[in-house]
Amino acid sequence: MPKNFYAAVDMRRQEILRYLANHQNCALGEIAEEFKTSEMTVRRDLHALSAESLITQNSKGLYSLNCDPSFDPRYFLRYSAHHLWKAAIARAAVSLISPGDFIFMDSGTTVLELSKHLEGIEPLSVATNNLYIPMYLSQRPSRIQVEFLGGDVHLPSMSTYGLHACRKIESYNADLLFFSADGLDFEAGVSTDEYRLIDVKTSMLHSARTSVLLIDSSKLNRRAVQRVAALSELDVVVTDSHASDADLAR
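For the structure given in this document, a descriptive report is provided here. (Residues numbered from 1 in each chain as written. Predicted model: local features only at pLDDT ≥ 70, side-chain atom pairs only at ≥ 80, totals over all residues. Heavy atoms only, no water.)

Our focus in this paragraph is the nonpolar core. If you look at the biggest cluster of nonpolar residues, it comprises 26 residues, and the most contacted ones within it are Phe104, Leu177, Phe179, Val190, Met204 and Leu213. Breaking this core down by element, the ones donating at least two residues are strand 3 (102–105), helix 8 (163–170), strand 8 (174–179), helix 9 (198–207), strand 11 (208–214) and strand 12 (226–229). Looking at this core, the element that brings in the most residues is helix 9, giving four residues. Those residues in contact with Phe104, other than ones at most four positions away along the chain, are Ala127, Ile169, Tyr172, Ala174, Leu176, Leu177, Phe178, Met204, Ser207 and Ala208. Residues Ala90, Val111, Leu118 and Val212 belong to the second largest nonpolar core, which totals 24 residues. (Core = buried A, V, L, I, M, F, W, Y, C linked by side-chain atoms within 4.5 Å. Buried < 20%, exposed > 50% of the residue type's maximum accessible area, 1.4 Å probe, protein only. Helix = DSSP H or I, 4+ residues; strand = E, 2+ residues; numbered from the N terminus. Contact = heavy atoms within 4.5 Å.)

Right, dumping it as structure tokens:
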């Protein structure tokens, strides 16, 4: 199917999540009417969102946002944005990991999506500053050793940062780093809108043999506030099929 079909589906599901964030206990027909589409189409959207644990359905068949009290709303909206693209990126990126690897995983929402695909790659060691990844992996019956890096808590990104985290990172020699960013510009390099997380990202870059940037195409040709690394410092960039042919060639 054409790329714009998947883009339209992803955009509609994002809008459904935003709607449910402000309207709890919605009926299927109400959502279909709000988005001027058929109930069959909306049912497929809701099924997909339920499968990703982004929404819930109560005993009366009404839909609501999956409001885990530990899940910060700001982080949730970042996680759900372009979720289909992030899932595709994660499925591609997991092929870079081999049993026995030691990997860094940062606080990015696409990196969190990658953690869902680690089962079966065993043994595996993961070190992360993401608050959710240890909780997710600890619930899975697998031989994945998880090291939480500690440090000061940054709630908007649900991660940690600071001197303690950086010292812990620098004590390791990792095989792979998987990290995300808010922008990738071909001249300015990789950048982020959150200055507190730069030290952790750069420490991981310096302590990993291979660096892998997971970034969806909406962030290509974008310059965020704080520069993280030059394009030449990256080994691999994984993005989605909505990236232009010109960007992929570069």
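Ordered in space as 5-4-3-8-11-13, the six strands form an open sheet in which the pairing is parallel. At either margin of the open sheet sits one strand with a lone partner, and together these are strand 5 (144–148) and strand 13 (236–238). The average angle at which neighbouring strand axes cross in this sheet is 20°, direction not considered. Direction of pairing for strand 8 relative to strand 11: parallel, over a ladder of five bridges. Bridging from a neighbouring strand, Leu177 pairs with Ser211 of strand 11. Against the sheet, helix 5 (residues 83–93) contacts strand 8, strand 11 and strand 13, and its axis sits at roughly 140° relative to strand 13. Along the sheet, helix 9 makes contact with strand 3, strand 8 and strand 11, crossing strand 11 at roughly 130°. (Pairing = 2+ DSSP bridges. Axes fitted to C-alpha atoms, helices over the stretch in contact; angles between N-to-C directions.)

Strand pairing in a sheet relies on backbone hydrogen bonds. The paired strands run either parallel or antiparallel. Across the sheet, three strands lie side by side as 9-10-12; this open sheet has antiparallel pairing. Each having just a single partner strand, strand 9 (183–185) and strand 12 make up the two edges of the open sheet. Taken pair by pair, the neighbouring strands of this sheet meet at an average axis angle of 35°, ignoring direction. Relative to strand 10 (residues 189–192), strand 9 is paired through three bridges, and the arrangement is antiparallel. Paired with Asp185 across the bridge in strand 10 is Gly189.

Quick look at the packing of aromatic side chains now. In the structure shown here, the tally under the stated rule is four aromatic pairs. Between Phe102 and Phe104, the ring centres sit 5.9 Å apart and the planes meet at 85°, which makes this aromatic pair edge-to-face. Exposure class is identical for Phe102 and Phe104. Each is buried. With relative accessibility at 18%, the residue Phe102 sits in the buried group. Every member of this aromatic cluster is reached through a ring pair, and the members are Phe102, Phe104 and Tyr172. (Phe/Tyr/Trp six-rings, centres within 6.5 Å; stacked < 30°, edge-to-face > 60°.)

On to helix 3 (residues 39–51). With 13 residues, helix 3 should reach 18 Å at 1.5 Å per residue; the first-to-last C-alpha distance of 18 Å fits that figure. Looking only at helix 3, the buried set comprises Thr41, Val42, Asp45, Leu46 and Leu49. Summarising the axial view, the buried residues of helix 3 lie within an arc of 130°, below the 170-degree limit, and thus occupy one face. Pointing more than 90 degrees away from the buried face of helix 3 are the exposed residues Met40, His47 and Ala51. Ser53 sits one or two residues past helix 3 and shows a positive phi near 60°. (Expected span 1.5 Å × (residues − 1). Arc of directions from axis to C-beta.)

All quantities given are derived from atomic positions and should not be read as evidence of function.
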